[in-house]
Amino acid sequence: MKHKLLATVIGTALIATTAHGQSTTSSILGHVPVQAGESVTVSNDSGLTRTVGVDSQGRYAANQLPIGTYTVSLMLNGQVIQQRKNVLLQVGIGSDVSFTEQEAAPASITNAKQLSGVSVSANAIPSIDVTSVDSRTVITADQLAKLPMQHTAEAVALLAPATNLGAGGATSTTGESLISFGGSSSTENAYYLNGFNTTDPNLAQGGITLPYGSIDQEEVYTGGYSAQYGRSDGGVLNMIGKSGTNEWHFGGQFLYEPSSMVASQDSTYYANGLPPSPVAGRLYDPRNQNSNWSSVYDLYVGGPIIRDKLFFFASAEMTHTNGNSVNSVESGTDSHYKDTVPKWYAKVNWNITDSNLLELTGASEKSFTSGTVYNYDYSNLSDNGFKAYANDTKHGGDLWVAKFTSYITDKLTLTAMYGSMKTRSYIENPAYDPDTTYVGDYTRQNPALNGGTPITNNQTVTAINNPDQNFVTTNLRVALNYTLGDHTLTAGIDNLRTAAREQDQLTSGPGGYQWIYGYTNTPTQPLVPSLGVGPTANYPNGAGGYYAYKYIFNQGGNLFSTEHAEYIEDNWQVNDRLLLSIGLRDDDFTNTNASAVPYMRQTKPQWAPRLGFSWDVFGDSTFKVFGNAGRYYLGSPIAPGDPANGYVATSQYYTYSGIAADGTPTGLTQMSQPVSPNGAYGQTPDPRTMTATSLKAEDQDEFMLGFQKTAGQNWVYGAKLTRRILRHVIDDWCDVGALVNKSASEGITDVNTDTCYYINPGEANTFAVQDPSGAFHSVTMTNADFNFPRAVRRYYALETFLEHPFDGKWYGKISYAFSRSYGNSEGQGQSDIRATGGTQNEDWDFPELMVYANGPQGNDHTNVIKAYGYYAITPEWLVSANLNLTSGGPKYCLGYYGPQQTDPDGYGSNYHWCNGEPSPPGATGRLPWLKQLDLGVHYRPAFANHKLSLGVDIFNVFNGQAPLNLQADFNGSSGGTPNPLYGTPMVLQQPRYVRLGVTYDY
């Protein structure tokens, strides 16, 4: 028995390096009774056959196997003496298939063959994977078909205990809700498809995913992954597509969500008074007038081109969504929209030889939207005539990937992958009127000049975008895997490059500007003192506090990013039960402007050590203790580089005496020149004056300790502690006057004073300062010079789970997570103002913005309970459920600065003060719990050989409509002016709806 346990654990160590997230492979390993002339052959239904040797201790391992269903055969002198069929490999999870010598073969082993007087049987696959040192959830195509859930990568990710909807209602480029992993921002995740990084390169908002019929498995990685992978300090969504086999398979699916089975969304109302020119009393957004329906068509086919040699699989999906969405009274419109999301996937597998495999993958996901906009009568709740055409938008793109695997020897494997992805961001209005100016915030117009009814026009376009914006990303990965005794060594490279082209955008209208109305009830006080904008009362027609400002925005140019990484890793079997995974990764990042000159560079070694262990306590895979510690670096996406090519973002303030028929102000008196709190006046910055020269990449340290244990034959339970500490964050800083003063104290005159810098907030930073002669000098500012607190994002969690593996009758899993995410920085996002990252954040722009900023972060959900499963009532009928109970995040109250409610930085009501009182996150309470129960019923009739399925899924059965985000600005245009929208829900839980489905799988 002792020899058996040692062989099992050492055999397990042989595949440890292949059991990692974002991979597309797994391994089969085990031990056999030692006999001369033995070998083990593994074969799948795609023609792959590998024969591996058995060492002197009876151990074997077949590494880097494509996922699928395998037959494992123990061979003796070239003849099969025992087989195990239907061994299902899950991505990154090694399967132990061991053979033991017994007196007689058990009657239950129907595949046993007895030769030469030797009776051998196969052990059951262990309930617990003792080969992994990480944290993940793997959902198979079979589970996906049974559970009541949306068929998206993000919906699958929400099954994991430490995941939640991203704060602020952030969505991907194709409209899916983004996910927060372990307190991180929802744009700090990585998306993979068949090993290729499909993450949106612009803002990291999602990535290209698979059609439903193509999904073989999805791996949701919540932490602890190996040195082979990086560029995420949130989580990983890894989708593995299906491949063709020697058997022909085809099928299809039709899903329909009728508008008649969608519950009404709750309308929202002004929660803090009324604007000067209200449209419909307290009503802000009549969401109960919204309506939509959707349909999804899926088709797939796969099979052999040349049996045992060449295979293909292809699928296509089309989603249509039609409906209308009544916008808020500030818009005055009802948008009738049509959204089409086509997806396709194709894969060719070529078994060149038994030792050399080639995989070619192509995939696409795009979103096309169009529609019409009608004026809306909020009193009668009805459309009131055509206004304009909506923007036509196109997002998403296409990719192709080639992967080569060579089993050079039993101990040496080479893998090489290269792919390219082209995405685009197209926004254009089919009937844009260049002669009409956009008018914003018209509910703040002076009611004495509009008769109490806001005046506007038919312009719905706020900005003009270059329709040819596109992004081209390439990903190269090469790795060698070698087994040396008790060590399995892996070394490789992981390179990612992106080119963003034609990134041009400017304000719409004949003059390239918008008119925005404003109101202050303190007209004798300076409107924006930090920018030199005085009291409205000092100007004609300003005594009542009414004003307007002309807003101009213009930016553009090409941008590039390069991310290189090298890594080495050793999985070492220390003794018969302890496995260590030791790795080191070096990431470097370079971002360049349109002239290919770097404006952000982290190319010095950025060492990311990883150390994990797995302890098979009893040596029989029934009790595992594991842990992991590692550092993870995250490169900057493309979007924050927009200022590298220069941009304009200015406001010019006026009082007015009239309002024209098109809603624009007349009788103007200028209150200011064009002003910009960020110094954005169109100058193209020298790249050396855009980023601190000492800038470090965003990085996070993570520590995990947990256990998993079986309870009899039918249950598995476990717990895990997680601690995450953000070490560095990157954000823009605009208080350049502080740098000018520090430079002057060192005798240097800084001539670059009209720009923001990217820095590591909360610590010292060194800058390149240019004097009048053009020479550059290094000036270091301490954190005291910045007048900042230390940057903090801390996360800790205790996760527990209880699981009943599928036994032919039912499957179930329940988890509970207690966690806290706190600090003064969310990383790449900022929930209180619904910013998803990049230059949208206001944190760290000025020191006053960070006073009282410390507290629970937007992605902080203290208690999360999840349960899901399914039950086969009969072979024909199956019921399923999915429950999510999540405590609410913190509320925010943002106002003007200090007890006197001033505006020292020109940011208005965005300081952590509320009505003159300190207001850290959560000071005004918590949002309510999100409570959602989804139920499903599926019928697979026997007369169709159970290949036909009829299903009904009900989402949000009890129609909970918890607010997920509230308007946080307490004030309007001055410290004494209340914001009528403060506390009004901006994002609500999706109401109840029903999905009808028909599926056929042959």
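Here the structure is a predicted model, which is why all the values come from computation and not from measurement.

Asks: Please clarify how the overall build of the protein chain should be interpreted in this entry.
Replies: A count of helices and strands for the protein chain gives six helices and 60 strands. Seen along its three principal axes, the alpha-carbon backbone of the protein chain occupies a region of about 110 × 70 × 45 Å. Here the protein chain, with 1002 residues, has 60% of them falling under the buried criterion. For the protein chain, long-range pairs separated by at least 24 residues make up 71% of all intrachain contacts whose partners lie at least 6 apart in sequence. Accessible area for the protein chain stands at about 36500 Å²; split by element, carbon and sulfur atoms hold 54% of it. A distance of 7 Å separates the average location of the 60 positive side-chain charges in the protein chain from that of its 88 negative side-chain charges.

Asks: Can you help me understand the pattern of salt bridges in this one?
Replies: Charged atoms that come close allow side chains of opposite charge to pair. Under the criterion given, the structure shown has 25 salt bridges. With a shortest N-O distance of 3.1 Å, R231 and D494 are connected by a salt bridge. Residue R231 is found in the loop between β15 (215-223) and β16 (236-241), and its partner D494 is found in strand β30 (residues 487-501); the two are separated by 263 residues along the sequence. When its relative accessible area of 6% is taken as the criterion, R231 is described as buried. With a shortest N-O distance of 2.8 Å, D494 and R477 are connected by a salt bridge. Separated by 17 residues along the polypeptide, D494 in strand β30 and R477 in strand β29 (residues 470-484) bring together distant segments of the chain. Pair check on accessibility: D494 and R477 agree, each one buried. A single salt-bridge network, built from bridges that share partners, covers R231, R477, D494, E563, R585 and D587.

Asks: Can you help me understand a negative patch on the surface in this one?
Replies: Side chains of E428, D468, E502 and D504 sit close together on the surface and give a patch of like negative charge. Here E428 lies in strand β26 (residues 412-428). Given the relative accessible area of 35%, E428 is considered partly exposed.

Asks: Would you mind going over a nonpolar patch on the surface with me for this structure?
Replies: On the surface, F254, Y256, M261, W293, Y297, L950, V952, L996 and V998 cluster together into a nonpolar patch covering about 710 Å² of accessible area. Mapped onto the secondary structure, L950 falls in strand β57 (residues 948-955).

Asks: What should I look at first to understand unusual backbone geometry in this one?
Replies: Excluding glycine, a negative phi dihedral is what most residues carry, and trans is how most peptide bonds are arranged. The backbone of L381 shows a phi angle near 55°, a positive value even though the residue is not glycine. With respect to the element layout, L381 can be found in the loop between β23 (356-377) and β24 (382-389). A residue is classified by how much of its surface remains accessible, and L381, at 34% relative accessible area, is partly exposed.

Asks: Explain the environment of S232 to me, please; I cannot follow it from the model alone.
Replies: Checked against the element boundaries, S232 lands in the loop between β15 and β16. C-alpha separation for the pair S232 and Y191, spaced 41 residues apart in sequence, amounts to 9.5 Å.

Asks: How should the sheet that holds strand β13 (residues 190-193) be read in this particular structure?
Replies: By definition, the strands of a sheet pair up through backbone hydrogen bonds, in either a parallel or an antiparallel sense. Taken in spatial order, the five strands of this open sheet run β10-β15-β16-β13-β14, and their pairing is mixed. Two strands close off the open sheet at either side, each with one partner strand: β10 (135-140) and β14 (196-197). Note that β15 and β16 share six bridges and pair antiparallel. Within the sheet, the bridge partner assigned to E218 lies in β16 and is M239.

Asks: Is there a simple way to think about the confidence of the model for the protein chain in this case?
Replies: Taken over all residues, the pLDDT of the protein chain has a mean of 90, while the share at 70 or more is 95%. Counting contacts from residues 1-21, a segment whose pLDDT is below 50, to residues more than four positions away or on other chains yields 85 contacts.

Asks: Quick question: what am I supposed to make of the state of the cysteines here?
Replies: Covalent bonding between the sulfur atoms of two cysteines defines a disulfide. Counted according to the given criterion, the structure contains two disulfides. Covalent S-S linkage joins C734 and C756, the inter-sulfur distance amounting to 2.1 Å. With the S-S bond torsion at 105°, the cross-link from C734 to C756 turns out right-handed. With C734 in the loop between β45 (731-733) and α5 (736-745) and C756 in the loop between α5 and β46 (757-759), this residue pair connects regions lying 22 residues apart in the sequence. When the cysteines engaged in disulfides are numbered in sequence order, the protein chain pairs them as 1-2, 3-4.

Asks: Sorry, what's going on with the nonpolar core here?
Replies: If you look at soluble globular proteins, the nonpolar side chains tend to sit buried side by side. Counting residues in hydrophobic clusters, the biggest one holds 37 residues, and the most contacted among them are L144, M149 and L399. No other element matches the four residues that helix α3 (residues 153-157) contributes to this core. If we skip the residues at most four places from it in the chain, L399 touches F196, T198, I208, T361, G362, A363, S420 and M421. Judged by nonpolar contacts, the second largest core, of 21 residues, contains V52, A62, Y70 and L357.

Asks: Explain α5 to me, please; I cannot follow it from the model alone.
Replies: Along an α-helix, residues three or four apart share an orientation, since each turn contains 3.6 residues. Every buried residue belonging to α5 is among V736, A738, L739, K742 and S743, and all of these are buried. All buried residues of α5 project into a common sector of 150° when viewed along the axis, lining one side. Exposed and facing more than 90 degrees away from the buried side of α5 are N741 and S745. Structurally, α5 contributes buried residues whose contacts are with β45, β46, β47 (765-770), β48 (776-781) and α6 (783-786). A positive backbone phi angle near 80° is found at G747, which sits one or two residues after α5.

Asks: What's the story with the environment of G895 in this structure? I'm lost.
Replies: If you trace the backbone, G895 turns up in the loop between β53 (877-886) and β54 (913-914). With 810 residues separating them along the chain, G895 and K85 place their C-alpha atoms 66 Å apart. The residues touching G895, leaving out its near neighbours within four places in the chain, are G908, S909, N910, Y911, W913, F970 and N971.

Asks: How should I be thinking about the sheet that holds strand β6 (residues 79-88) in this particular structure?
Replies: Taken in spatial order, the four strands line up as β3-β2-β5-β6 in an open sheet, and their pairing is antiparallel. Each having just a single partner strand, β3 (49-53) and β6 make up the two edges of the open sheet. In this sheet, adjacent strand axes meet at a mean angle of 20° when their direction is disregarded.

Asks: Looking at this model, I keep getting lost on the side chain of N765. Mind explaining?
Replies: Its location among the elements puts N765 in strand β47. Given a relative accessible area of 0%, N765 falls into the buried group. In this structure the side chain of N765 is engaged in a polar contact, spanning 2.9 Å, whose partner is the backbone oxygen of N760.

Asks: How should the packing of aromatic side chains be read in this particular structure?
Replies: By convention here, two paired aromatic rings are described through the distance between centres and the angle between planes. Enumeration over the complete set of coordinates arrives at 44 aromatic pairs. Ring centres of Y192 and Y229 lie 6.3 Å apart, and the angle between their planes is 85°; this geometry places the pair in the edge-to-face category. Taken together, the residues Y192 in strand β13 and Y229 in the loop between β15 and β16 connect sequence positions 37 residues apart. Classification of Y192 as buried rests on a relative accessible area of 2%. An aromatic cluster of three or more residues is present, and its members are W733, Y757, F767, F786, F788 and W844. The positively charged end of K242 is found above the aromatic ring belonging to Y300, 5.2 Å away from the centroid. It is K550 that lies over the ring of Y513; its NZ or CZ is 4.6 Å from the centre.

Asks: I would appreciate a short explanation of the environment of A271 in the present structure.
Replies: Residue position: A271 is located in the loop between β18 (268-269) and β19 (283-285). The class of A271 is partly exposed, set by a relative accessible area of 47%. Taking the C-alpha atoms as reference, A271 lies 5.3 Å from T984; in sequence the two are 713 residues apart.

Asks: How do you make sense of the pairing of β53 when you look at a structure like this?
Replies: Side chains L878, S880, N882, N884 and T886 project from β53 onto a buried face, and the interleaved W877, V879, A881, L883 and L885 project onto a face without burial. Two elements, strand β52 (residues 863-872) and β53, share nine bridges in a ladder whose sense is antiparallel. Residue Y870 lies in a different strand from β53, and its bridge partner there is S880. The turn joining β52 and β53, which pair antiparallel and follow one another in sequence, is formed by four residues. As defined by bridge partners, β53 adjoins strand β56 (residues 930-939) across 10 bridges and the pair is classed as antiparallel. Its bridge partner being in β56, N882 is matched across the sheet by D934.

Reading guide: rules and limits
- Residues numbered from 1 in each chain as written.
- Predicted model: local features only at pLDDT ≥ 70, side-chain atom pairs only at ≥ 80, totals over all residues.
- Heavy atoms only, no water.
- Helix = DSSP H or I, 4+ residues; strand = E, 2+ residues; numbered from the N terminus.
- Buried < 20%, exposed > 50% of the residue type's maximum accessible area, 1.4 Å probe, protein only.
- Contact = heavy atoms within 4.5 Å.
- Areas by Shrake-Rupley, 256 points an atom, 1.4 Å probe, with all protein chains shown as cover.
- Lys, Arg positive; Asp, Glu negative; His and termini not counted.
- Charge placed at Lys NZ, Arg CZ, Asp CG, Glu CD.
- Salt bridge = Lys/Arg side-chain N within 4 Å of Asp/Glu carboxyl O.
- Patch = residues over 30% accessible without salt bridge, like charges linked within 9 Å, V, L, I, M, F, W, Y side chains within 5 Å.
- Pairing = 2+ DSSP bridges.
- pLDDT = per-residue confidence, 0-100.
- Disulfide = S-S within 2.5 Å.
- Core = buried A, V, L, I, M, F, W, Y, C linked by side-chain atoms within 4.5 Å.
- Arc of directions from axis to C-beta.
- Axes fitted to C-alpha atoms, helices over the stretch in contact; angles between N-to-C directions.
- Polar contact = N/O pair within 3.5 Å; in protein donor to acceptor, adjacent residues only side chain to side chain.
- Phe/Tyr/Trp six-rings, centres within 6.5 Å; stacked < 30°, edge-to-face > 60°.
- Lys NZ or Arg CZ within 6 Å of the ring centre and 35° of its normal.

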